[in-house]
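Take a look at the letters that make up each chain.
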There are 2 protein chains.
Amino acid sequence: MTVSSVKTLLAGDVSPGAEVEVRGWLRSRRDSKGGFSFLAIHDGSCHPAIQAVVPGEIDNYQSEVLHLTAGCSVIVRGELVASQGKGQSVEIQAREVEVIGWVDDPESYPVAKKRHTFEYLRSVAHLRPRTNTFGAITRVRTVLANAVHRYFFERGFQWINTPLITASDCEGAGELFRVSTLDMVNPPRQDDGRIDFNEDFFGREAFLTVSGQLNAEAYCLAMSKVYTFGPTFRAENSNTSRHLAEFWMVEPEIAFANLDDDAALAEDFLRYLLNAVLEQCQEDLGFFNQFIDKTVLERLEKVAGSDFARLDYSDAVRVLEKSGKSFEYPVQWGADLQSEHERYLCEEYVGGPVIVTHYPKEIKAFYMRLNDDDRTVAAMDVLAPGIGEIIGGSQREERLDVLDRRMAEQGVHGLDWYRDLRRYGTVPHAGFGLGFERLLNYITGMENIRDAIPFPRVPRHAEF
Amino acid sequence: MTVSSVKTLLAGDVSPGAEVEVRGWLRSRRDSKGGFSFLAIHDGSCHPAIQAVVPGEIDNYQSEVLHLTAGCSVIVRGELVASQGKGQSVEIQAREVEVIGWVDDPESYPVAKKRHTFEYLRSVAHLRPRTNTFGAITRVRTVLANAVHRYFFERGFQWINTPLITASDCEGAGELFRVSTLDMVNPPRQDDGRIDFNEDFFGREAFLTVSGQLNAEAYCLAMSKVYTFGPTFRAENSNTSRHLAEFWMVEPEIAFANLDDDAALAEDFLRYLLNAVLEQCQEDLGFFNQFIDKTVLERLEKVAGSDFARLDYSDAVRVLEKSGKSFEYPVQWGADLQSEHERYLCEEYVGGPVIVTHYPKEIKAFYMRLNDDDRTVAAMDVLAPGIGEIIGGSQREERLDVLDRRMAEQGVHGLDWYRDLRRYGTVPHAGFGLGFERLLNYITGMENIRDAIPFPRVPRHAEF
């Protein structure tokens, strides 16, 4: 008798009549007046639990089975049989129920069957993967992450593990976490009272990175096609449903490429990811569509099957000005698009995903390539219905003289190694960043980004 | 005319006679007395460069081609033809050479063709991927990382992105990096002068994690099979060839599993990874075998084809005592095995990989399962010839009362959420950790772990 996952059994991979063993946790127990019980057992491998029918005749029926509660761990052995009930094709006619772990004080079990708010479940993040919703999020997250790697691997990209600890600040701005081993009570000081970071672990002040892009560029200009997929950090004190202090980002970078190539890659990549989850996560997406957001499936199918429109930023501003809409934030050439503007553009004006290009240089980072108009840069944002910006990217400034001017304008210093990439065999290149949890929320319909990562880090919260 | 990677052309995927375009960087230029030149062009897609034969008749031959140096970026268009020379099957008969980026002051180009020491190349880590060795390391690293994900994905494991920032210290010991946004010059203090971490970003003192294991256990006890693959940190001031302050670790965790299951998983996983690189990185491994370590291929093939022996720690100590070897460190029951002991066991005693099990409880972490002898725990180390320990793991203590006792003995506090996992449906479970860069060094024969990660972080070094 081999051990089977619940998924294997429900998928029909084992024929009825076989002796099977499943190992998992109890979702529920229901006792029949006929003197037998139904156990619903889940093991995380798929959304549904499998039903085991436990006859009253087994040895530990009175002493143990009738005391089982949600969350208990069990091993069930018996015969796989065609199910009499609706909903499932097979169930287990149990011959043996081995109780592995009880639930201490079932009345207070933090994730007992009744419905909980997502806010409450964040306070028991170590147990929430046992719930239907977070089990489903976990599976979709894994499928999505594997689709990311597969997409790039099959296309000859190298995965570059760029450093998390950095002494430079990519964006030239933004709030950072300091990484230090200095004694904070009595730190070493210079004569003027400032901290002597020469005494610190790295011999200088160090931070957690906000992006792997600059480092990825160095590898792009040797390997041609690279990507990063790793954690990044923001120390902004933003207590919103859209911000995490620690989140995962995907950042491809391609050489001999301009903004059009970048936009084409972003469109192809995003459609690939959505098709991957639509194909591989039907059951879990069906759950989200039924219980979390009834537009999920329709939305994903539409974007996965759409050509993405292209729209110049300056045209987008004109469209917004002529829209007749009263926006909360004013529309004005030179200002960044707000979420309400982005959603109008894709949801109402285009009626589908749209890539907005060529933003004013003043609102974009120093490394984005300056256009010939000297007013805009070769930046792009990919906007999707229902969420707005989902990807941001740009062609990079490959001309050393222009880069130097832009760095000076924005007060960025000390990136000699990054400048070297323009001194030695520079090539046009481009890339983008995709926030992984943001995409996962978009796919699942979950509203709070704290529910898209196992153990969220936000202001005043680093439990578990 | 489509753009082809060098790999595609050399693999024979395009027939001679086709018009082709390649984009890359010059490895070298050689001028013939016949009035034409040979360019060797690489694009990172594979180890060899492709040769382009440039006739003297093209427009920019005198003005540009004859001035090209190593590192210049070019686009070459022409006809793919069968190669006359040895070593390559095809080359490009160029009709056009477009120079994209020159090398500023070729005499001082930091990675010009001549041989460099690995130590020197670390000082130009942004350019070293352009060298043969680091291009090859990058490709092997990508293949290996993808093999890690594929192995687990195909077997139903969920990839869990455990948090990097943590308020708890997994091992109950070890030196940590503090993560903080407090002003170090004038930090908020309590009345007794200690730092008031309540004012810090997370409302408490926070650190960079040394392992995702405890968090992964929470997901294991819901999803049954999980793994982490992400960065971990050590603030030890160790300036050796084996330590990084930031490195990547793979940590699977399986439920309803004991130490035997764990050892079987480790053996199967390691063999899978070695077979994956042996199959997919033949050219790059051939390079390492020729230029870095002539035993690489033989060693990998042997381990990939071996059954791993099992050896109880207490037996291992007896073997070492009877070996007649004079070790630098004494052999004694109760002491940890040193590298010299580990290598004797696998290289001389077993003559192949060996998994040593059941170590004394005093030298192992609190979460490892106590054996019935009350002296040892269900821990294991996988030892491989040529390197010693490559994987360390254990069955976890699933009994709350024993766990509590072990935590008290080792002075571990404040892990109530971790204790909850034993209060609610506990099950026997097990896992292990594999240092990714250490394995990559083993595979490539590189000696210094700083060469196995793109931008190494070690004491006093966080450049780039």
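Since the structure is predicted, the reported quantities are computational estimates derived from the model, not experimental observations.

K.L.:
When you look at the overall build of chain A in this model, what are you seeing that I'm missing?
P.N.:
The number of helices and strands found in chain A is twelve helices and 16 strands. Across its three principal axes, chain A shows a C-alpha extent of roughly 85 × 60 × 45 Å. Here chain A holds 464 residues, and 60% of them are scored as buried. Excluding contacts between residues fewer than 6 apart, the proportion of contacts in chain A whose partners are at least 24 apart in sequence is 67%. Counting only carbon and sulfur atoms, one obtains 45% of the accessible surface of chain A, whose full area is about 18,100 Å². If the 50 positive side-chain charges of chain A are averaged to one point and the 70 negative ones to another, these points end up 3 Å apart.

K.L.:
Would you take a moment to explain the interface of chain A and chain B for this structure?
P.N.:
Quoted interface sizes are often the accessible area lost when the parts come together. On the chain B side, the residues contacting the 110 residues of chain A number 110 residues. At the boundary of chain A with chain B, total buried surface from both sides reaches about 9,300 Å², with 62% on carbon and sulfur atoms. Applying the counting rule to chain A against chain B returns two salt bridges. As a salt-bridge pair, arginine 423 of chain B and aspartate 104 of chain A come within 3.0 Å of each other at their nearest N and O atoms. Taken together, chain A and chain B are joined by 45 residue pairs in polar contact (both at pLDDT 80 or more). Here the side of chain A that touches chain B takes eleven residues from helix α3 (residues 132-154) of chain A, the largest share from any one element. The pairing of strand β8 (residues 178-180) of chain A with strand β8 (residues 178-180) of chain B spans three bridges and is antiparallel. Opposite arginine 178 of chain A, over in β8 of chain B, you have serine 180 of chain B as the bridge partner.

K.L.:
Explain the environment of serine 108 of chain A here, please?
P.N.:
All names here are of chain A. Mapped onto the elements of the fold, serine 108 is located in the loop between β5 (90-101) and α2 (118-122). Judged by relative accessible area, serine 108 falls into the partly exposed class, the value being 35%. Polar contacts involving the side chain of serine 108 include one to the side chain of aspartate 105, which spans 2.8 Å.

K.L.:
Is there a simple way to explain the environment of aspartate 260 of chain B in this structure?
P.N.:
Mapping aspartate 260 of chain B onto the fold places it in helix α5 (residues 259-280). As a C-alpha pair, aspartate 260 of chain B and leucine 300 of chain B span 40 residues in sequence and 24 Å in three-dimensional space.

K.L.:
Please clarify how the relation of the copies chain A and chain B should be interpreted in this entry.
P.N.:
Copies of the same chain, two in number, are related to each other by a rotation about an axis and a translation along it. Between chain A and chain B, the superposition needs a rotation of 180° and an axial shift of 0.0 Å, giving an RMSD of 0.0 Å. Such a combination of turn and shift is consistent with a two-fold rotation axis. Proximity to the rotation axis, assessed at the C-alpha, singles out valine 179 of chain A in chain A; its C-alpha lies 2.5 Å from the axis. Interface overlap between copies is the fraction of interface residues in one copy that are interface residues in the other; for chain A against chain B it reaches 100%, indicating a shared surface.

K.L.:
Just to check I follow, could you spell out the domain arrangement of chain A for this structure?
P.N.:
Residue and element names in this part refer to chain A. As far as domains go, chain A holds domain 1 (2-101) and domain 2 (132-174 + 210-451). The gap between the C-alpha centroids of domain 1 and domain 2 is 45 Å. Residue-level contacts link six residues of domain 1 with six residues of domain 2. Inspection of the domain 1/domain 2 interface yields zero salt bridges. At the boundary of domain 1 with domain 2, the tally comes to three residue pairs in polar contact (both at pLDDT 80 or more). Taken together, the residues that form the side of domain 1 that touches domain 2 break down as two nonpolar, three polar and one charged.

K.L.:
When you look at the sheet that holds strand β13 (residues 354-360) of chain A in this model, what are you seeing that I'm missing?
P.N.:
Sheet strands pair via backbone hydrogen bonds, and the direction of the pair is either parallel or antiparallel. Residue and element names in this part refer to chain A. The strand order β6-β10-β11-β16-β15-β14-β13-β12 describes an open sheet built from eight strands, whose pairing is mixed. Only two strands of the sheet have a single partner each, and these edge strands are β6 (158-159) and β12 (309-312). In this sheet, strand β14 (residues 376-384) lies alongside β13 in antiparallel orientation, the contact comprising six bridges. Bridging across to β14, proline 360 finds its partner in threonine 376. The sheet contacts of α3 involve β6, β10 (225-233) and β11 (246-255), and relative to β10 the element is tilted by about 150°.

K.L.:
Even after reading the chapter, I still don't get the side chain of serine 211 of chain B, so can you show me in this structure?
P.N.:
The residue serine 211 of chain B is located in the loop between β9 (206-208) and α4 (213-223) in this model. Only 2.7 Å separates the side chain of serine 211 of chain B from the side chain of glutamate 251 of chain B, close enough to count as a polar contact.

K.L.:
Any chance you could explain the sheet that holds strand β2 (residues 36-42) of chain A here in plain terms?
P.N.:
All names here are of chain A. The strand order around the closed barrel built from five strands is β1-β2-β3-β5-β4, with neighbouring strands paired in mixed fashion. When the angles between neighbouring strand axes are averaged without regard to direction, this sheet yields 55°. Taken together, the ten bridges between strand β4 (residues 73-82) and β5 define a ladder with antiparallel strand orientation. Within β5, the position partnered with valine 74 by the bridge is valine 99.

K.L.:
What am I meant to see in unusual backbone geometry here?
P.N.:
Negative phi is the rule for most residues except glycine; trans is the rule for most peptide bonds. Residues and elements named next belong to chain A. With a phi angle near 55°, aspartate 105 is a residue other than glycine that sits in the positive phi range. Relative to the helices and strands, aspartate 105 resides in the loop between β5 and α2. Residue classification places aspartate 105 among the partly exposed positions, given a relative accessible area of 41%. Positive phi values are uncommon outside glycine, yet histidine 358 reaches one of about 65°. Residue placement: histidine 358 occurs in strand β13. The class for histidine 358 is partly exposed, based on a relative accessible area of 23%.

K.L.:
So what exactly am I meant to see when it comes to the pattern of salt bridges here?
P.N.:
Here the idea is simple: oppositely charged side chains can pair when their charged atoms come close. All chains considered together, the criterion is met by 58 salt bridges over all chains. Between arginine 29 of chain A and aspartate 31 of chain A there is a salt bridge, with its nearest N and O atoms 2.7 Å apart. With a closest N to O distance of 2.8 Å, arginine 271 of chain B and glutamate 267 of chain B form a salt bridge. One end of the pair is arginine 271 of chain B and the other is glutamate 267 of chain B, both in helix α5 and four residues apart, which spans about a single turn. Comparing arginine 271 of chain B with glutamate 267 of chain B, the two get one shared label, buried. A single network of salt bridges, built from pairs that share partners, joins Glu21, Arg23, Arg77, Glu96 and Glu98 of chain A.

K.L.:
Help me understand the pairing of strand β15 (residues 388-395) of chain B in this model?
P.N.:
A regular strand places its side chains so that they alternate between the two faces of the sheet. Residue and element names in this part refer to chain B. With respect to burial, β15 is a largely interior element, six of its eight residues being buried. Judged from the six bridges that link them, strand β14 (residues 376-384) and β15 form a sheet pairing that is antiparallel. By the bridge assignment, valine 382 is partnered in β15 with isoleucine 391. Linking β14 back to β15 in an antiparallel pair, the connection comprises three residues, with glycine 386 at a positive phi of about 90°. Pairing analysis gives five bridges linking β15 to strand β16 (residues 429-435), with the strands arranged antiparallel. Paired with glutamine 395 across the two strands is alanine 430, which belongs to β16.

K.L.:
Would you explain the packing of α3 of chain A against helix α12 (residues 436-444) of chain A in this entry?
P.N.:
In helix packing, the relevant descriptors are the interaxial angle and the interaxial distance, both defined with respect to the helix axes. All names here are of chain A. With their axes 11 Å apart at the nearest point, α3 and α12 run at an angle of 125° to one another. Viewed along their axes, α3 and α12 adopt a mutual orientation that is oblique. Note on packing geometry: the crossing formed by α3 with α12 is right-handed. In this structure, α3 contributes Ile137, Val140, Arg141, Leu144, Ala145 and Val148 to the contact, and α12 contributes Phe436, Glu437, Leu439, Leu440, Ile443 and Thr444. Residues of the contact of α3 with α12, tallied by class, amount to nine nonpolar, one polar and two charged.

K.L.:
Is there a simple way to think about the side chain of glutamate 267 of chain B in this case?
P.N.:
All names here are of chain B. In this structure glutamate 267 comes out as buried when scored by relative accessible area, which is 8%. Looking at glutamate 267, its side chain comes within polar contact range of the side chain of arginine 310, at 3.0 Å. Not counting chain neighbours up to four residues away, the residues in contact with glutamate 267 comprise Ser306, Asp307, Phe308 and Arg310.

K.L.:
I keep staring at the packing of aromatic side chains and nothing clicks. Help me out?
P.N.:
For any pair of aromatic rings, geometry is given as the distance between the ring centres together with the angle between the planes. Under the defined criterion, the tally for this structure stands at 62 aromatic pairs over all chains. Relative to phenylalanine 464 of chain B, the ring of tryptophan 417 of chain A has its centre 6.0 Å away and its plane inclined at 80°; by these criteria the two rings are edge-to-face. Taken together, the residues tryptophan 417 of chain A in helix α11 (residues 416-423) and phenylalanine 464 of chain B in the segment after α12 (436-444) connect one chain to another. Of the residues examined, phenylalanine 464 of chain B reaches a relative accessible area of 13% and is grouped as buried. Of the aromatic side chains, those joined through ring pairs into one cluster are Tyr151, Phe152, Phe157, Trp159, Tyr227, Phe269, Tyr272 and Phe432 of chain A together with Phe229, Trp248 and Phe436 of chain B. The positively charged end of arginine 422 of chain A is found above the aromatic ring belonging to tyrosine 418 of chain A, 4.2 Å away from the centroid. A cation sits over an aromatic face here: arginine 155 of chain B above tyrosine 272 of chain B, 5.2 Å from the ring centre.

Thresholds, definitions, all that
Residues numbered from 1 in each chain as written. Chains lettered and ligands numbered in written order. Predicted model: local features only at pLDDT ≥ 70, side-chain atom pairs only at ≥ 80, totals over all residues. Heavy atoms only, no water. Helix = DSSP H or I, 4+ residues; strand = E, 2+ residues; numbered from the N terminus. Buried < 20%, exposed > 50% of the residue type's maximum accessible area, 1.4 Å probe, protein only. Contact = heavy atoms within 4.5 Å. Areas by Shrake-Rupley, 256 points an atom, 1.4 Å probe, with all protein chains shown as cover. Lys, Arg positive; Asp, Glu negative; His and termini not counted. Charge placed at Lys NZ, Arg CZ, Asp CG, Glu CD. Buried area = accessible area lost by both parts, 1.4 Å probe. Salt bridge = Lys/Arg side-chain N within 4 Å of Asp/Glu carboxyl O. Polar contact = N/O pair within 3.5 Å; in protein donor to acceptor, adjacent residues only side chain to side chain. Pairing = 2+ DSSP bridges. Least-squares fit on C-alpha atoms with pLDDT ≥ 70 in both. Domains from an automatic or database assignment. Nonpolar A, V, L, I, M, F, W, Y, C, P; charged D, E, K, R; others polar. Axes fitted to C-alpha atoms, helices over the stretch in contact; angles between N-to-C directions. Parallel < 35°, antiparallel > 145°, perpendicular 65-115°, else oblique. Left-handed = near helix turned anticlockwise from the far one by under 90°. Phe/Tyr/Trp six-rings, centres within 6.5 Å; stacked < 30°, edge-to-face > 60°. Lys NZ or Arg CZ within 6 Å of the ring centre and 35° of its normal.

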